[in-house]
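A look at the structure
Spelled out, the chains give:
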Amino acid sequence: MYNIKSKKAEEFISNEEILDTLEYAEKNKNNFELIKQILDKAKLAKGLSHREASVLLACENKELNDEIFKLAEKIKQDYYGNRIVLFAPLYLSNYCVNGCVYCPYHKKNNHIPRKKLTQEEIKKEVIALQDMGHKRLAIEAGEDPVNNPIEYILESINTIYSIKHKNGAIRRVNVNIAATTVENYKKLHEAGIGTYILFQETYNKESYEQLHPTGPKHNYNYHTEAMDRAMEGGIDDVGLGVLFGLESYKYEFAGLLMHAEHLEAVFGVGPHTISVPRIKKADDIDPETFDNGIDDDIFAKIAACIRISVPYTGMIISTRESAECRERLLKLGISQISGGSKTSVGGYFEPMPEKDDSAQFDVSDRRPLDEVLRWLMQLGYLPSFCTACYGSGRTGDKFMEICKSQQIHNFCHPNAVMTLKEYLEDYASPETKKVGEELIKTELEKLTTIKDKVLENLRKIEAGERNFKF
Ligand code: SAM
(Lines give C-alpha, C1' and ligand atoms only; values in the text may rest on other atoms or scores of the structure.)
Protein backbone atom coordinates (compact mmCIF):
# COMPACT_ATOMS: atom_id res chain seq x y z
CA MET A 1 0.00 0.00 0.00
CA TYR A 2 2.79 2.48 0.94
CA ASN A 3 4.33 3.85 -2.23
CA ILE A 4 6.60 6.86 -1.90
CA LYS A 5 6.32 7.64 -5.62
CA SER A 6 2.58 7.23 -5.96
CA LYS A 7 0.57 10.32 -6.85
CA LYS A 8 -2.23 9.16 -4.53
CA ALA A 9 -2.34 10.75 -1.09
CA GLU A 10 -3.29 7.55 0.68
CA GLU A 11 -0.33 5.74 -0.84
CA PHE A 12 2.48 8.25 -0.24
CA ILE A 13 1.04 9.15 3.18
CA SER A 14 -0.02 5.61 3.99
CA ASN A 15 -1.84 5.35 7.32
CA GLU A 16 -0.53 1.80 7.66
CA GLU A 17 3.07 2.92 7.16
CA ILE A 18 2.66 5.67 9.76
CA LEU A 19 1.18 3.24 12.29
CA ASP A 20 3.97 0.72 11.61
CA THR A 21 6.52 3.52 12.02
CA LEU A 22 5.04 4.58 15.35
CA GLU A 23 5.05 0.97 16.56
CA TYR A 24 8.68 0.55 15.45
CA ALA A 25 9.63 3.81 17.20
CA GLU A 26 7.85 2.82 20.40
CA LYS A 27 9.50 -0.61 20.39
CA ASN A 28 12.94 0.93 19.88
CA LYS A 29 12.72 4.01 22.04
CA ASN A 30 15.02 2.36 24.59
CA ASN A 31 17.20 0.59 22.05
CA PHE A 32 20.27 2.70 22.77
CA GLU A 33 22.43 0.90 20.27
CA LEU A 34 20.01 1.63 17.44
CA ILE A 35 19.57 5.24 18.58
CA LYS A 36 23.33 5.72 18.57
CA GLN A 37 23.53 4.27 15.05
CA ILE A 38 20.81 6.68 13.90
CA LEU A 39 22.64 9.57 15.54
CA ASP A 40 25.84 8.55 13.75
CA LYS A 41 23.99 8.64 10.45
CA ALA A 42 22.42 11.97 11.39
CA LYS A 43 25.87 13.42 12.04
CA LEU A 44 26.61 13.08 8.32
CA ALA A 45 23.96 15.81 7.93
CA LYS A 46 22.36 14.18 4.91
CA GLY A 47 19.05 13.61 6.66
CA LEU A 48 17.13 10.68 8.10
CA SER A 49 14.19 8.56 7.00
CA HIS A 50 10.82 8.99 8.72
CA ARG A 51 11.38 5.70 10.55
CA GLU A 52 14.78 6.66 11.88
CA ALA A 53 13.62 10.14 12.82
CA SER A 54 10.56 8.75 14.59
CA VAL A 55 12.80 6.61 16.82
CA LEU A 56 14.72 9.75 17.84
CA LEU A 57 11.47 11.57 18.52
CA ALA A 58 10.24 8.71 20.72
CA CYS A 59 13.52 8.42 22.66
CA GLU A 60 13.07 9.40 26.30
CA ASN A 61 16.63 8.96 27.52
CA LYS A 62 17.97 12.25 28.88
CA GLU A 63 21.56 11.83 27.71
CA LEU A 64 20.58 10.77 24.21
CA ASN A 65 18.04 13.58 24.00
CA ASP A 66 20.79 16.02 24.96
CA GLU A 67 22.82 14.60 22.09
CA ILE A 68 19.88 15.08 19.73
CA PHE A 69 19.57 18.73 20.77
CA LYS A 70 23.30 19.32 20.42
CA LEU A 71 23.35 17.77 16.98
CA ALA A 72 20.37 19.89 15.88
CA GLU A 73 22.29 23.01 16.99
CA LYS A 74 25.35 21.90 15.08
CA ILE A 75 23.48 21.11 11.87
CA LYS A 76 21.65 24.42 12.14
CA GLN A 77 24.99 26.19 12.47
CA ASP A 78 26.57 24.26 9.59
CA TYR A 79 23.73 24.89 7.14
CA TYR A 80 22.40 28.29 8.16
CA GLY A 81 25.11 29.91 10.27
CA ASN A 82 23.63 32.62 12.49
CA ARG A 83 21.31 34.01 9.79
CA ILE A 84 17.59 34.40 10.39
CA VAL A 85 15.36 35.46 7.50
CA LEU A 86 12.47 37.79 8.31
CA PHE A 87 9.01 38.05 6.79
CA ALA A 88 5.50 39.24 7.58
CA PRO A 89 2.09 37.75 6.79
CA LEU A 90 -0.37 39.90 4.87
CA TYR A 91 -4.01 38.88 5.24
CA LEU A 92 -5.92 39.77 2.08
CA SER A 93 -9.35 38.42 2.90
CA ASN A 94 -11.05 36.44 5.66
CA TYR A 95 -14.03 35.38 3.57
CA CYS A 96 -14.07 31.60 3.73
CA VAL A 97 -16.49 28.85 2.76
CA ASN A 98 -14.78 26.09 4.77
CA GLY A 99 -15.78 24.73 8.14
CA CYS A 100 -12.32 24.18 9.75
CA VAL A 101 -13.17 23.68 13.43
CA TYR A 102 -9.92 25.26 14.72
CA CYS A 103 -10.10 28.44 12.64
CA PRO A 104 -12.25 31.48 13.49
CA TYR A 105 -12.66 32.26 9.79
CA HIS A 106 -14.89 29.18 9.39
CA LYS A 107 -18.05 29.90 7.43
CA LYS A 108 -20.50 29.60 10.31
CA ASN A 109 -18.77 32.27 12.39
CA ASN A 110 -21.20 35.05 11.61
CA HIS A 111 -20.15 37.56 14.24
CA ILE A 112 -16.60 38.31 13.04
CA PRO A 113 -16.33 41.16 10.57
CA ARG A 114 -15.59 39.82 7.09
CA LYS A 115 -13.21 41.91 5.08
CA LYS A 116 -11.45 41.74 1.74
CA LEU A 117 -8.81 44.32 0.91
CA THR A 118 -9.25 46.39 -2.22
CA GLN A 119 -6.15 47.01 -4.35
CA GLU A 120 -6.01 50.53 -2.87
CA GLU A 121 -6.07 49.08 0.65
CA ILE A 122 -3.39 46.55 -0.31
CA LYS A 123 -1.20 49.46 -1.39
CA LYS A 124 -1.64 51.10 2.01
CA GLU A 125 -0.86 47.85 3.82
CA VAL A 126 2.23 47.23 1.70
CA ILE A 127 3.52 50.76 2.20
CA ALA A 128 3.08 50.30 5.96
CA LEU A 129 5.00 46.99 5.73
CA GLN A 130 7.74 48.55 3.61
CA ASP A 131 8.03 51.37 6.13
CA MET A 132 8.66 48.75 8.82
CA GLY A 133 11.50 47.39 6.67
CA HIS A 134 9.92 44.22 5.30
CA LYS A 135 11.04 42.84 1.94
CA ARG A 136 9.32 39.46 2.03
CA LEU A 137 5.63 38.75 2.58
CA ALA A 138 3.44 35.70 2.94
CA ILE A 139 -0.03 36.49 1.64
CA GLU A 140 -2.93 34.70 3.31
CA ALA A 141 -6.54 34.35 2.31
CA GLY A 142 -9.52 32.20 3.19
CA GLU A 143 -10.97 29.88 0.55
CA ASP A 144 -13.89 31.49 -1.24
CA PRO A 145 -14.20 31.07 -5.00
CA VAL A 146 -16.63 34.00 -5.26
CA ASN A 147 -14.93 36.57 -3.00
CA ASN A 148 -11.30 35.44 -3.36
CA PRO A 149 -11.01 33.93 -6.87
CA ILE A 150 -7.53 33.28 -8.27
CA GLU A 151 -7.82 36.49 -10.35
CA TYR A 152 -8.07 38.50 -7.12
CA ILE A 153 -4.99 36.79 -5.69
CA LEU A 154 -3.03 37.35 -8.92
CA GLU A 155 -4.04 41.00 -9.13
CA SER A 156 -3.02 41.45 -5.49
CA ILE A 157 0.41 39.88 -6.09
CA ASN A 158 0.90 42.21 -9.02
CA THR A 159 -0.08 45.20 -6.92
CA ILE A 160 2.30 44.17 -4.13
CA TYR A 161 5.30 43.79 -6.45
CA SER A 162 4.55 47.10 -8.18
CA ILE A 163 4.73 49.30 -5.08
CA LYS A 164 8.01 51.12 -4.71
CA HIS A 165 7.76 53.54 -1.82
CA LYS A 166 10.88 55.46 -0.73
CA ASN A 167 13.64 52.81 -0.68
CA GLY A 168 11.13 50.05 -0.01
CA ALA A 169 10.18 47.10 -2.18
CA ILE A 170 8.61 43.73 -1.58
CA ARG A 171 10.98 41.41 -3.40
CA ARG A 172 9.42 38.05 -2.60
CA VAL A 173 5.73 37.20 -2.17
CA ASN A 174 5.05 33.78 -0.73
CA VAL A 175 1.50 32.55 -0.99
CA ASN A 176 -0.61 30.65 1.53
CA ILE A 177 -3.94 29.96 -0.11
CA ALA A 178 -6.12 26.87 -0.27
CA ALA A 179 -5.31 23.86 -2.44
CA THR A 180 -6.09 24.59 -6.07
CA THR A 181 -5.71 23.28 -9.63
CA VAL A 182 -2.54 22.81 -11.71
CA GLU A 183 -3.81 25.62 -13.97
CA ASN A 184 -4.04 28.01 -11.04
CA TYR A 185 -0.63 26.98 -9.73
CA LYS A 186 0.75 27.76 -13.19
CA LYS A 187 -0.78 31.23 -12.94
CA LEU A 188 0.73 31.76 -9.49
CA HIS A 189 4.09 30.64 -10.83
CA GLU A 190 3.81 33.07 -13.74
CA ALA A 191 2.91 35.85 -11.30
CA GLY A 192 6.35 35.34 -9.77
CA ILE A 193 5.51 33.92 -6.35
CA GLY A 194 8.26 32.70 -4.06
CA THR A 195 7.13 29.72 -2.00
CA TYR A 196 3.67 28.18 -2.17
CA ILE A 197 2.77 27.36 1.41
CA LEU A 198 -0.04 25.05 2.41
CA PHE A 199 -0.35 23.50 5.83
CA GLN A 200 -1.59 19.97 5.85
CA GLU A 201 -3.20 20.67 9.25
CA THR A 202 -3.23 16.93 9.97
CA TYR A 203 -2.01 13.92 8.01
CA ASN A 204 -4.54 11.63 9.68
CA LYS A 205 -7.31 11.24 7.13
CA GLU A 206 -10.05 10.32 9.60
CA SER A 207 -9.26 13.25 11.89
CA TYR A 208 -8.79 15.53 8.89
CA GLU A 209 -12.32 14.82 7.68
CA GLN A 210 -13.77 15.51 11.12
CA LEU A 211 -11.77 18.72 11.55
CA HIS A 212 -12.87 19.94 8.11
CA PRO A 213 -16.51 18.86 8.11
CA THR A 214 -17.71 21.14 5.32
CA GLY A 215 -16.45 23.02 2.27
CA PRO A 216 -13.92 22.10 -0.40
CA LYS A 217 -11.15 21.66 2.19
CA HIS A 218 -13.01 18.56 3.45
CA ASN A 219 -11.44 16.60 0.58
CA TYR A 220 -8.33 15.06 2.19
CA ASN A 221 -6.88 13.64 -1.00
CA TYR A 222 -7.23 16.89 -2.95
CA HIS A 223 -5.59 18.82 -0.11
CA THR A 224 -2.77 16.33 0.44
CA GLU A 225 -1.96 16.09 -3.27
CA ALA A 226 -1.82 19.90 -3.62
CA MET A 227 1.98 20.13 -3.51
CA ASP A 228 2.25 17.63 -6.36
CA ARG A 229 -0.07 19.80 -8.43
CA ALA A 230 1.85 22.93 -7.42
CA MET A 231 5.08 21.35 -8.64
CA GLU A 232 3.42 20.17 -11.84
CA GLY A 233 2.36 23.79 -12.30
CA GLY A 234 6.00 24.87 -12.17
CA ILE A 235 6.26 26.05 -8.56
CA ASP A 236 9.46 24.48 -7.29
CA ASP A 237 9.55 25.96 -3.79
CA VAL A 238 6.79 24.59 -1.59
CA GLY A 239 6.29 24.96 2.16
CA LEU A 240 4.82 22.19 4.31
CA GLY A 241 3.44 22.37 7.84
CA VAL A 242 1.01 20.78 10.25
CA LEU A 243 -1.07 22.48 12.89
CA PHE A 244 0.26 20.89 16.06
CA GLY A 245 -2.45 20.11 18.58
CA LEU A 246 -4.99 18.61 16.22
CA GLU A 247 -3.65 15.03 16.20
CA SER A 248 -0.93 13.03 17.93
CA TYR A 249 2.36 14.83 17.27
CA LYS A 250 4.18 11.57 16.56
CA TYR A 251 1.71 10.76 13.80
CA GLU A 252 2.08 14.24 12.29
CA PHE A 253 5.86 14.12 12.47
CA ALA A 254 6.03 10.84 10.54
CA GLY A 255 3.49 12.15 7.99
CA LEU A 256 5.40 15.38 7.50
CA LEU A 257 8.65 13.56 6.76
CA MET A 258 6.91 11.09 4.46
CA HIS A 259 5.48 14.04 2.55
CA ALA A 260 8.97 15.55 2.23
CA GLU A 261 10.39 12.19 1.10
CA HIS A 262 7.61 11.84 -1.47
CA LEU A 263 8.32 15.25 -3.04
CA GLU A 264 12.02 14.51 -3.18
CA ALA A 265 11.39 11.07 -4.74
CA VAL A 266 8.97 12.32 -7.37
CA PHE A 267 10.28 15.79 -8.23
CA GLY A 268 13.91 15.55 -7.08
CA VAL A 269 13.38 18.42 -4.67
CA GLY A 270 12.04 18.32 -1.14
CA PRO A 271 10.09 21.09 0.59
CA HIS A 272 11.72 24.53 0.73
CA THR A 273 10.36 25.14 4.21
CA ILE A 274 8.49 23.45 7.03
CA SER A 275 6.33 25.51 9.40
CA VAL A 276 5.53 24.44 12.92
CA PRO A 277 2.36 26.28 14.03
CA ARG A 278 0.54 25.28 17.23
CA ILE A 279 -3.19 25.95 17.73
CA LYS A 280 -3.79 29.25 19.48
CA LYS A 281 -6.75 31.01 20.99
CA ALA A 282 -8.86 32.97 18.55
CA ASP A 283 -12.32 34.51 18.39
CA ASP A 284 -14.53 31.42 18.93
CA ILE A 285 -11.65 28.94 19.21
CA ASP A 286 -10.41 27.55 22.51
CA PRO A 287 -7.19 25.51 22.11
CA GLU A 288 -8.06 23.64 25.33
CA THR A 289 -10.86 21.83 23.50
CA PHE A 290 -8.28 20.02 21.37
CA ASP A 291 -6.83 16.93 23.02
CA ASN A 292 -3.42 16.81 21.41
CA GLY A 293 -1.81 20.04 22.56
CA ILE A 294 1.96 19.82 22.98
CA ASP A 295 4.04 21.51 25.65
CA ASP A 296 7.16 23.59 25.01
CA ASP A 297 9.54 20.69 25.67
CA ILE A 298 7.93 18.42 23.12
CA PHE A 299 7.73 21.34 20.72
CA ALA A 300 11.48 21.88 21.05
CA LYS A 301 12.13 18.18 20.52
CA ILE A 302 10.03 18.18 17.34
CA ALA A 303 11.98 21.18 16.00
CA ALA A 304 15.31 19.50 16.77
CA CYS A 305 14.23 16.25 15.10
CA ILE A 306 13.00 18.10 11.99
CA ARG A 307 16.30 19.96 11.77
CA ILE A 308 18.26 16.71 11.94
CA SER A 309 15.99 14.86 9.52
CA VAL A 310 15.83 17.47 6.71
CA PRO A 311 18.91 19.66 7.20
CA TYR A 312 18.44 21.58 3.94
CA THR A 313 14.80 22.50 4.54
CA GLY A 314 14.21 25.91 6.11
CA MET A 315 12.07 25.95 9.25
CA ILE A 316 9.62 28.71 10.11
CA ILE A 317 8.17 29.86 13.42
CA SER A 318 5.59 32.63 13.55
CA THR A 319 4.47 35.20 16.11
CA ARG A 320 1.92 32.63 17.32
CA GLU A 321 4.73 31.80 19.74
CA SER A 322 6.19 33.93 22.53
CA ALA A 323 9.64 35.52 22.42
CA GLU A 324 10.94 32.92 24.94
CA CYS A 325 9.66 29.99 22.91
CA ARG A 326 11.03 31.47 19.69
CA GLU A 327 14.41 31.99 21.30
CA ARG A 328 14.59 28.35 22.31
CA LEU A 329 13.63 27.04 18.88
CA LEU A 330 15.87 29.45 16.98
CA LYS A 331 18.85 27.69 18.45
CA LEU A 332 17.54 24.26 17.48
CA GLY A 333 16.88 24.88 13.83
CA ILE A 334 14.52 27.71 12.95
CA SER A 335 15.79 29.68 9.93
CA GLN A 336 12.88 32.08 9.28
CA ILE A 337 10.62 34.07 11.57
CA SER A 338 7.86 36.60 11.14
CA GLY A 339 8.08 39.90 12.97
CA GLY A 340 5.74 42.79 13.72
CA SER A 341 2.88 40.63 12.39
CA LYS A 342 -0.82 41.36 12.26
CA THR A 343 -3.14 38.43 11.64
CA SER A 344 -6.23 40.43 10.80
CA VAL A 345 -7.28 41.80 7.43
CA GLY A 346 -5.99 45.37 7.19
CA GLY A 347 -4.01 45.45 10.43
CA TYR A 348 -0.86 47.26 9.30
CA PHE A 349 -2.08 50.55 7.90
CA GLU A 350 -4.68 51.10 10.59
CA PRO A 351 -3.50 49.30 13.69
CA MET A 352 -6.27 47.24 15.29
CA PRO A 353 -7.08 47.54 18.97
CA GLU A 354 -5.00 45.38 21.35
CA LYS A 355 -7.84 42.84 21.55
CA ASP A 356 -8.77 42.21 17.96
CA ASP A 357 -11.70 39.84 17.41
CA SER A 358 -11.13 39.67 13.69
CA ALA A 359 -7.59 38.21 13.94
CA GLN A 360 -7.05 34.67 12.72
CA PHE A 361 -5.28 33.77 15.94
CA ASP A 362 -3.82 35.60 18.92
CA VAL A 363 -0.27 36.79 18.36
CA SER A 364 2.02 36.07 21.32
CA ASP A 365 5.07 37.97 20.13
CA ARG A 366 3.67 41.47 19.65
CA ARG A 367 6.96 43.36 19.48
CA PRO A 368 7.55 45.74 16.58
CA LEU A 369 9.95 44.53 13.89
CA ASP A 370 12.70 46.91 15.05
CA GLU A 371 12.62 45.37 18.51
CA VAL A 372 12.60 41.83 17.12
CA LEU A 373 15.67 42.68 15.06
CA ARG A 374 17.55 44.16 17.99
CA TRP A 375 16.66 41.12 20.09
CA LEU A 376 17.91 38.76 17.38
CA MET A 377 21.20 40.63 17.07
CA GLN A 378 21.69 40.74 20.82
CA LEU A 379 21.29 36.96 20.82
CA GLY A 380 24.06 36.75 18.22
CA TYR A 381 21.85 36.20 15.16
CA LEU A 382 22.25 37.99 11.85
CA PRO A 383 18.81 39.16 10.64
CA SER A 384 18.45 38.85 6.89
CA PHE A 385 16.04 40.47 4.45
CA CYS A 386 17.66 38.67 1.58
CA THR A 387 15.57 37.51 -1.38
CA ALA A 388 18.49 37.02 -3.75
CA CYS A 389 18.02 33.32 -4.50
CA TYR A 390 14.53 34.01 -5.71
CA GLY A 391 15.68 37.08 -7.65
CA SER A 392 18.51 35.13 -9.30
CA GLY A 393 16.50 32.04 -10.19
CA ARG A 394 18.16 29.90 -7.52
CA THR A 395 14.95 28.02 -6.67
CA GLY A 396 13.86 24.40 -6.42
CA ASP A 397 16.58 21.86 -7.22
CA LYS A 398 19.11 24.58 -8.13
CA PHE A 399 18.72 26.00 -4.64
CA MET A 400 18.79 22.58 -3.00
CA GLU A 401 21.98 21.63 -4.81
CA ILE A 402 23.94 24.57 -3.42
CA CYS A 403 22.22 24.17 -0.07
CA LYS A 404 23.07 20.48 0.24
CA SER A 405 26.72 21.18 -0.58
CA GLN A 406 26.66 23.88 2.11
CA GLN A 407 27.81 26.48 -0.44
CA ILE A 408 24.77 28.55 0.36
CA HIS A 409 26.83 30.45 2.96
CA ASN A 410 28.84 32.05 0.16
CA PHE A 411 25.70 33.74 -1.08
CA CYS A 412 23.53 34.08 2.01
CA HIS A 413 26.05 35.51 4.41
CA PRO A 414 27.17 38.57 2.42
CA ASN A 415 23.59 39.10 1.22
CA ALA A 416 22.35 39.04 4.81
CA VAL A 417 24.96 41.63 5.78
CA MET A 418 24.02 43.91 2.88
CA THR A 419 20.25 43.67 3.43
CA LEU A 420 20.75 44.31 7.14
CA LYS A 421 22.74 47.40 6.22
CA GLU A 422 19.84 48.58 4.04
CA TYR A 423 17.50 48.10 6.98
CA LEU A 424 19.79 50.03 9.32
CA GLU A 425 20.05 52.91 6.87
CA ASP A 426 16.35 53.14 6.06
CA TYR A 427 14.28 51.97 9.02
CA ALA A 428 16.20 51.22 12.23
CA SER A 429 15.83 53.11 15.49
CA PRO A 430 19.12 54.67 16.69
CA GLU A 431 19.49 51.92 19.31
CA THR A 432 19.00 49.12 16.80
CA LYS A 433 21.30 50.85 14.32
CA LYS A 434 24.07 50.93 16.88
CA VAL A 435 23.73 47.22 17.67
CA GLY A 436 23.52 46.46 13.93
CA GLU A 437 26.63 48.40 12.94
CA GLU A 438 28.63 46.52 15.58
CA LEU A 439 27.28 43.22 14.34
CA ILE A 440 28.16 44.04 10.72
CA LYS A 441 31.77 44.69 11.78
CA THR A 442 31.95 41.24 13.37
CA GLU A 443 30.27 39.58 10.41
CA LEU A 444 32.68 41.21 7.94
CA GLU A 445 35.53 39.44 9.70
CA LYS A 446 34.00 36.12 8.63
CA LEU A 447 34.23 37.05 4.95
CA THR A 448 37.35 36.13 3.03
CA THR A 449 37.59 36.53 -0.73
CA ILE A 450 34.66 38.88 -1.30
CA LYS A 451 35.19 41.11 1.71
CA ASP A 452 36.36 44.07 -0.39
CA LYS A 453 33.40 43.81 -2.71
CA VAL A 454 31.00 43.71 0.26
CA LEU A 455 32.72 46.73 1.84
CA GLU A 456 32.36 48.61 -1.41
CA ASN A 457 28.66 47.73 -1.58
CA LEU A 458 28.14 48.80 2.04
CA ARG A 459 29.59 52.19 1.15
CA LYS A 460 27.26 52.40 -1.85
CA ILE A 461 24.30 51.55 0.41
CA GLU A 462 25.32 54.41 2.70
CA ALA A 463 25.36 56.62 -0.39
CA GLY A 464 21.78 55.62 -1.22
CA GLU A 465 22.05 52.69 -3.67
CA ARG A 466 19.97 49.57 -2.97
CA ASN A 467 19.42 45.92 -3.83
CA PHE A 468 22.93 44.49 -4.06
CA LYS A 469 23.20 40.74 -4.19
CA PHE A 470 25.47 37.80 -4.87
N1 SAM B 1 -7.26 29.18 3.75
C2 SAM B 1 -5.93 28.77 3.40
C3 SAM B 1 -5.79 27.29 3.64
O4 SAM B 1 -6.81 26.63 3.69
O5 SAM B 1 -4.71 26.75 3.68
C6 SAM B 1 -4.96 29.66 4.09
C7 SAM B 1 -4.54 29.25 5.43
S8 SAM B 1 -4.81 30.12 6.86
C9 SAM B 1 -4.96 31.78 6.42
C10 SAM B 1 -3.22 29.89 7.56
C11 SAM B 1 -3.08 28.77 8.58
O12 SAM B 1 -3.39 29.26 9.87
C13 SAM B 1 -3.96 27.56 8.44
O14 SAM B 1 -3.46 26.68 7.49
C15 SAM B 1 -3.95 26.97 9.83
O16 SAM B 1 -2.98 25.95 9.99
C17 SAM B 1 -3.55 28.16 10.71
N18 SAM B 1 -4.57 28.41 11.74
C19 SAM B 1 -5.90 28.43 11.59
N20 SAM B 1 -6.51 28.61 12.79
C21 SAM B 1 -5.53 28.70 13.71
C22 SAM B 1 -5.49 28.87 15.14
N23 SAM B 1 -6.61 28.97 15.86
N24 SAM B 1 -4.30 28.90 15.75
C25 SAM B 1 -3.15 28.79 15.06
N26 SAM B 1 -3.13 28.64 13.72
C27 SAM B 1 -4.29 28.58 13.05
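Residues numbered from 1 in each chain as written. Predicted model: local features only at pLDDT ≥ 70, side-chain atom pairs only at ≥ 80, totals over all residues.

Summing up its helical and strand segments, the chain has 20 helices and 9 strands in all. Here the C-alpha radius of gyration of the chain, 21 Å, is about what a compact globule of 470 residues would show, namely 23 Å. Dimensions of the chain, computed from C-alpha atoms along their principal axes, come out at roughly 60 × 55 × 40 Å. For the chain, the proportion of contacts with a sequence separation of at least 24, taken over those separated by at least 6, is 78%. (Helix = DSSP H or I, 4+ residues; strand = E, 2+ residues; numbered from the N terminus. Rg over C-alpha atoms; globule rule 2.2 N^0.38 Å. Contact = placed C-beta atoms within 7 Å.)

The backbone phi angle of Ala45 is positive, close to 60°, even though this residue is not glycine. Tracing the backbone shows Ala45 in the loop between helix H3 (32-43) and helix H4 (50-58). On the basis of neighbour count, Ala45 is assigned to the partly exposed category, with 16 C-beta atoms found within 10 Å. The backbone phi angle of Lys166 is positive, close to 50°, even though this residue is not glycine. Position of Lys166 among the secondary structure elements: in the loop between helix H7 (150-162) and strand E3 (172-176). A tally of 10 C-beta atoms within 10 Å means that Lys166 is categorised as exposed. (Buried ≥ 20, exposed ≤ 12 C-beta atoms within 10 Å, placed from the backbone.)

Given a rise of 1.5 Å per residue, 14 residues ought to cover 20 Å, and the 20 Å separating the end C-alpha atoms of helix H6 (residues 119-132) matches this to within 8%. Within the sequence span of H6, burial applies to Ile122, Glu125, Val126, Ala128, Leu129 and Gln130. If you follow the buried residues of H6, they end up packed against strand E1 (83-93), strand E2 (136-141) and H7. Once H6 ends, the next one or two residues include Gly133, with phi positive near 120°. (Expected span 1.5 Å × (residues − 1).)

Assigned domains within the chain: domain 1 (9-76), domain 2 (80-389) and domain 3 (409-460). One C-alpha centre belongs to domain 2, the other to domain 3, and the line joining them spans 28 Å. Taken together, the 17 residues of domain 2 in the interface contact 20 residues of domain 3. Counting residues per element, the ones that place at least two in the side of domain 2 that touches domain 3 are helix H15 (369-378) and strand E9 (382-384). Take the side of domain 2 that touches domain 3: its biggest share by element is 5 residues, from H15. Among the residues making up the side of domain 2 that touches domain 3, the classes are represented as 8 nonpolar, 5 polar and 4 charged. (Domains from an automatic or database assignment. Nonpolar A, V, L, I, M, F, W, Y, C, P; charged D, E, K, R; others polar.)

All right, on to the packing of H15 against helix H19 (residues 430-445) then. In a packed pair of helices, the relevant descriptors are the angle between the two axes and the axis-to-axis distance. Where H15 contacts H19, the axes come no closer than 10 Å and their chain directions differ by 35°. As H15 runs across H19, the sense of the crossing is left-handed. Residue-level contacts link Asp370, Leu373, Arg374, Met377 and Gln378 of H15 to Glu431, Thr432, Val435, Gly436 and Leu439 of H19. Broken down by class, the residue content of the contact of H15 with H19 amounts to 4 nonpolar, 3 polar and 3 charged. (Axes fitted to C-alpha atoms, helices over the stretch in contact; angles between N-to-C directions. Left-handed = near helix turned anticlockwise from the far one by under 90°.)

This brings us to the nonpolar core. In this structure, Leu56, Leu137, Tyr196, Ala303, Cys305 and Ile308 are the most contacted members of the largest nonpolar core, which totals 139 residues. For this core, the leading source of residues is helix H12 (residues 249-267), giving 9 residues. Excluding anything up to four places from it in sequence, Leu137 contacts Phe87, Ala88, Leu90, Leu129, Ile160, Ile170, Val173 and Asn174. (Core = buried A, V, L, I, M, F, W, Y, C linked by C-beta atoms within 7 Å.)

The next subject is the environment of Gly270. Here Gly270 lies in the loop between H12 and strand E6 (273-275). Residue class for Gly270 comes out buried when judged on the 23 C-beta atoms lying within 10 Å of it. Counting along the chain gives 32 residues from Gly270 to Val238, while the straight-line C-alpha distance between them is 8.2 Å.

Taking burial as the measure, the 11 residues of E1 include 11 buried ones, the bulk of the element. Here 3 bridges tie E1 to E9, and the two strands are oriented parallel to one another. Following the sheet pairing, Ile84 is matched in E9 by Pro383. Bridge analysis of E1 against strand E8 (residues 336-338) gives 3 bridges, and the strand direction is parallel. Directly across from Phe87, in E8, lies its bridge partner Ser338. (Pairing = 2+ DSSP bridges.)

Taking 1.5 Å per residue, 12 residues should reach 16 Å; H3 reaches 16 Å between its end C-alpha atoms and fits that length. For H3, every residue scored as buried is listed here: Ile35, Ile38 and Ala42. The buried side chains of H3 occupy one side of the element, clustering within an arc of 60° when seen end-on. For H3, the exposed residues set more than 90 degrees away from the buried face come down to Glu33, Lys36 and Asp40. Buried residues along H3 sit against H4, helix H5 (62-80) and helix H13 (296-309). Following H3 by one or two positions, Ala45 adopts a phi angle in the positive range, close to 60°. (Arc of directions from axis to C-beta.)

Bringing the environment of Arg278 into the picture now. Within the secondary structure, Arg278 sits in the loop between E6 and H13. With 24 C-beta atoms counted inside 10 Å, the residue Arg278 sits in the buried group. With 173 residues separating them in the primary sequence, Arg278 and Tyr105 have C-alpha atoms 17 Å apart. Not counting residues up to four positions away in its chain, the partners in contact with Arg278 are Phe244, Gly245, Ile294, Phe299 and Arg320.

One way to put it is that H5 packs onto H13 with a least axis distance of 9 Å and a crossing angle of 55°. One way to sum up the angle between H5 and H13 is to call them oblique. For the element pair H5 and H13, the recorded crossing hand is left-handed. Contact with H5, carried on its side by Ile68, Phe69, Leu71, Ala72, Ile75 and Lys76, involves Ala304, Cys305, Arg307 and Ile308 of H13 and no other residues of that element. Residue classes in the contact of H5 with H13 are distributed as 8 nonpolar, no polar and 2 charged. (Parallel < 35°, antiparallel > 145°, perpendicular 65-115°, else oblique.)

Following the sequence through the fold, Thr180 ends up in the loop between E3 and helix H8 (182-190). With 155 residues separating them in the primary sequence, Thr180 and Ala25 have C-alpha atoms 35 Å apart. Leave out the neighbours within four places in its chain, and Thr180 touches Ile150 and Tyr185.

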